[in-house]
Amino acid sequence: MSAPTIAVVTAGLSEPSSTALLADRLLEAVQARLRPTGAEARAVRIDLRGLAHGIADHLTMGFPSGKLAAALDALRGADAVIAVTPTFKASYTGLFKSFWDLVEDGELDGVPTLLAATGGTARHSLMIDVAMRPLFAYLRADAVPTGVFAATDDFGADESLQRRIDRAAGELAERIRRRTGEPAHDVAPAAAPAGPAEPGAVETRSAAGEELSPAPRPLRSEETAPGDPALTAPSGDESSPDPARAASGTASHRTAHRASGLPPLRVTPFEQLLRQ
Amino acid sequence: MQIGIFSVGDVTQDPTDGTTPTEHERIKATVAIARKAEEIGLDVFAVGQHHNPPFATSSPTTTLAYIAAQTERIMLSTSTTLITTTDPVRIAEDYGMLQHLADGRTDLMLGRGNTGPVYPWFGKDIRQGVPLAIENYNLLHRLWHEEVVNWSGRFRTPLQSFTLSPQPLDGVAPFVWHGSIRTPEIAEQAAYYGDGFFHNNIFWNKEFTGQMIDLYRERYEHYGHGAADQAIVGLGGQFFMRRNAQEARREFRPYFDNAPVYGHGPTMEDFTDQTPLTVGSPQEVIEKTLSFREYAGDYQRQLFLVDHAGLPLKTVLEQLDLFGEEVLPTLRREFDAARPAHVPEAPTHASLVERRRAGADPVPGGREDSPAGEARRAERDHQAGQEPGAERERGTAARTRETDQERPATRTEETR
């Protein structure tokens, strides 16, 4: 199994941040569970505090730039997401929501996602289920059943936070394994995968990543377009039957001036548009 | 290279003194700006179409006909004509009348419009924006190229034995530009018909603009209308200048900071860094504009936005005078010197008449000997089950081709 990439999105505002601390513990727990499969999961940290200006500029200007563009690209290239926010006024923070508002529809489709939050007291702990879960359901992320809420006193001696972390991390690791086509080691698959299986997805991505940095997510909604040579992959690997690979080739072919932070452009042949 | 200006027609408060022009003043100012554009020697003047405040420009052909009567040389166009909510039969009629009255000094740019509530006022739905643009233009194209049209579709009452009146001047339809900021379907549409593609890049970075234009150019070549670098491309632009750059920045800053669209957002410095906006000296405007070629290739039409954000008419006219004296001659010289001989100029009525005479009008979807035509034949052969070797190989290749039909974006878009 090649190394999956986990995007860790945190919305903590103070320094040091208990939200970032919770994110660290979740990441470590997920990495520990993936290690027996021989892959060290790579983590990409997206700390929203440092992107606050970029997020506001994108909202007013319409396109991403600088560090925010790089963060959106990193998210697009990730195999899984750990999303952690403080609880403000009975919900996630405005900054957290503003960031996800800038993620294009479809980009998180079926992506294993762990939801976690911090808050002053455990009285807010349902926030994950009543506020975060609908947001990620809209994004069609594959959110694991266990959300991890850490109140201030959870950081004390009580072991129950670690148990929740372990449980959620196990669920996320299992989904990452399924997506990357690796058989499960310590957990039997409990249910069918949410989307169509994508064998070799990670391999495809890293192969494309050599030409295009950062790599686009392999396409899930590919359909063959008969009769359109411009939409095939450029030559070089004619024997490859992998549609995702061919599509990645198309993307790189199309995007000599790739706009960072935005998805590659795709075209539907006009005859097909006319028929629709 | 055609160089001109385009207006959105917004009625906006001047942030420096709190005054707002009346709709009447704004409409008359638009005419004054158009006359100034002709006076300084610009090639194109374009107005928008909007049906909601704060815009005062619901009837572009009325405005353009009035301007046509007071000008002699300048080409009159739109930025944009709403192909989604305007009946294509009325577009064919209105712009046909305009074309006759203006002796062919007209073309038009189609856009979808990004304001959801406007659509139902005209019996339409913004969620159908792209299908509307596709079906409506398909009809408009037929109305302008076939004498008797029998047609039926999803969005409009059918036409039986319909003959457009007036028919296009000299049998040649006004040239059509398709405007879009981030919808690949529209770039594809422009390429399919061999029409022009205008990217209103004024709120976008060059990487993204370049990507959209590349897509259009590649597909233009695919449909066999010419090589990729011969596709017909237009770009937006935006400037505020004074002979003294510091003075320009000081004077424009309050307009920038309060402008519709980008005001209260990024700093003027960040925005000028990342978008086509120049605020500074005429030399800076020249340098920035000439740099568009680096990511758009040799293109045919450059339109600047000069009359927005509450700038008073007097200032706009001063901007144009300065542009005519200090910028326009250099831009013309430099663009012409840089353009290779095989890259065409922007179409005019005369060049379109010539093209028609030569039998070189583009065929929608490409002729049979274009790459698109070849692919269609291969696919037909494949479906018919023909087995000769070469045909079969092509058919097999066609089957594995990929596309993606995901909708590109949920955020607002289109020319504003």
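No experiment lies behind these values; they were computed from the predicted model shown.

Chemist: Please explain the overall build of chain B as it appears in this structure.
Modeler: Assigned secondary structure in chain B consists of 15 helices and 13 strands. Its C-alpha radius of gyration of 22 Å places chain B within 12% of the 22 Å reference for a compact globule of 416 residues. Taken along its principal axes, the extent of the C-alpha atoms in chain B is 75 × 45 × 40 Å. Contacts in chain B between residues at least 24 apart in sequence constitute 73% of all its contacts with a sequence separation of at least 6.

Chemist: Explain the overall build of chain A to me, please; I cannot follow it from the model alone.
Modeler: The helix and strand inventory of chain A stands at 9 helices and 7 strands. Per-residue burial over chain A gives 47% buried out of 276 residues. In chain A, 72% of the contacts between residues at least 6 apart in sequence involve partners at least 24 apart.

Chemist: Can you help me understand the confidence of the model for chain B in this one?
Modeler: Residues shown with low pLDDT carry predicted positions that ought not to be read at fine detail. All names here are of chain B. Residue-level pLDDT values for chain B average 92, and 93% of them are 70 or greater. Of the regions scoring below 50 in pLDDT, residues 390–416 engages in 76 contacts with residues more than four places distant in sequence or in other chains. Scored by ipTM, the complex comes to 0.80, with pTM at 0.82.

Chemist: I tried to follow the nonpolar core on my own but got confused; where do I start?
Modeler: Across soluble globular proteins, you tend to see nonpolar side chains buried next to one another. Residue and element names in this part refer to chain B. Among the nonpolar cores identified, the biggest contains 110 residues, and I5, A37, F45, L76, A187, Y216 and V233 are the most heavily contacted of them. With 9 residues, helix α5 (residues 129–145) is the largest single contributor of residues to this core. Apart from residues lying up to four places away in sequence, A187 is in contact with S180, F197, M212, L215, Y216 and R219.

Chemist: I tried to follow the confidence of the model for chain A on my own but got confused; where do I start?
Modeler: Put simply, chain A has an average pLDDT of 77, and 72% of its residues get 70 or more. Below a pLDDT of 50 lies the segment residues 184–257 of chain A, which in the model reaches 137 contacts outside its immediate sequence neighbourhood of four places, other chains included.

Chemist: I tried to follow the pairing of strand β4 (residues 112–119) of chain A on my own but got confused; where do I start?
Modeler: Remember that side chains alternate between the two faces of the sheet whenever the strand is regular. Residues and elements named next belong to chain A. Across the 8 residues that make up β4, a large majority, 8, are buried. Across the two faces of β4 the burial is the same, with P112, L114, A116 and T118 and T113, L115, A117 and G119 all buried. Sheet topology places strand β3 (residues 80–86) next to β4; 6 bridges connect them, and they run parallel. What sits directly across from I82, in β4, is L114. Relative to strand β5 (residues 142–143), β4 runs parallel, the two being bridged by 2 bridges. By the bridge assignment for β5, P112 is matched with D142. The pairing of β4 with strand β6 (residues 148–151) spans 4 bridges and is parallel. The residue bridging A117 from the neighbouring strand is F149, located in β6.

Chemist: Got a minute to help me understand the environment of E207(B) in this structure?
Modeler: Structurally, the position occupied by E207(B) is in helix α7 (residues 206–222). Along the backbone, E207(B) and P168(B) are 39 residues apart, and their C-alpha atoms lie at a distance of 38 Å.

Chemist: Can you help me understand helix α5 (residues 127–138) of chain A in this one?
Modeler: Helical geometry: 3.6 residues make up each α-helical turn, so side chains three or four residues apart lie on a common side. Residue and element names in this part refer to chain A. A rise of 1.5 Å per residue sets the reference length of α5, with its 12 residues, at 16 Å; its end C-alpha atoms lie 16 Å apart and thus fit the reference within 8%. Buried residues in α5 make contact with β4 and β6. Among the residues trailing α5, R140 stands out with phi positive, at a value near 60 degrees.

Chemist: Could you clarify how one ought to interpret helix α12 (residues 313–338) of chain B in this entry?
Modeler: All names here are of chain B. Taken as a whole, α12 carries its principal kink of about 50 degrees at V327; the proline P329 stands between one and four residues after it. Listed in full, the buried residues belonging to α12 are V316, L317, Q319, L320, L322, F323, V327 and F335. Its buried side turned inward, α12 meets α1 (23–39), β10 (233–241) and α10 (282–291).

Chemist: How should I be thinking about the environment of T118(A) in this particular structure?
Modeler: Residue and element names in this part refer to chain A. Of note, T118 is situated in strand β4. Residues T118 and T19, 99 residues apart in the sequence, show an inter-C-alpha distance of 5.8 Å. Leave out the neighbours within four places in its chain, and T118 touches S18, T19, L22, P86, T87 and A150.

Calculation criteria
Residues numbered from 1 in each chain as written. Chains lettered and ligands numbered in written order. Predicted model: local features only at pLDDT ≥ 70, side-chain atom pairs only at ≥ 80, totals over all residues. Helix = DSSP H or I, 4+ residues; strand = E, 2+ residues; numbered from the N terminus. Rg over C-alpha atoms; globule rule 2.2 N^0.38 Å. Contact = placed C-beta atoms within 7 Å. Buried ≥ 20, exposed ≤ 12 C-beta atoms within 10 Å, placed from the backbone. pLDDT = per-residue confidence, 0-100. Core = buried A, V, L, I, M, F, W, Y, C linked by C-beta atoms within 7 Å. Pairing = 2+ DSSP bridges. Expected span 1.5 Å × (residues − 1). Bend = angle between axes of the 7 residues up to and from the residue.

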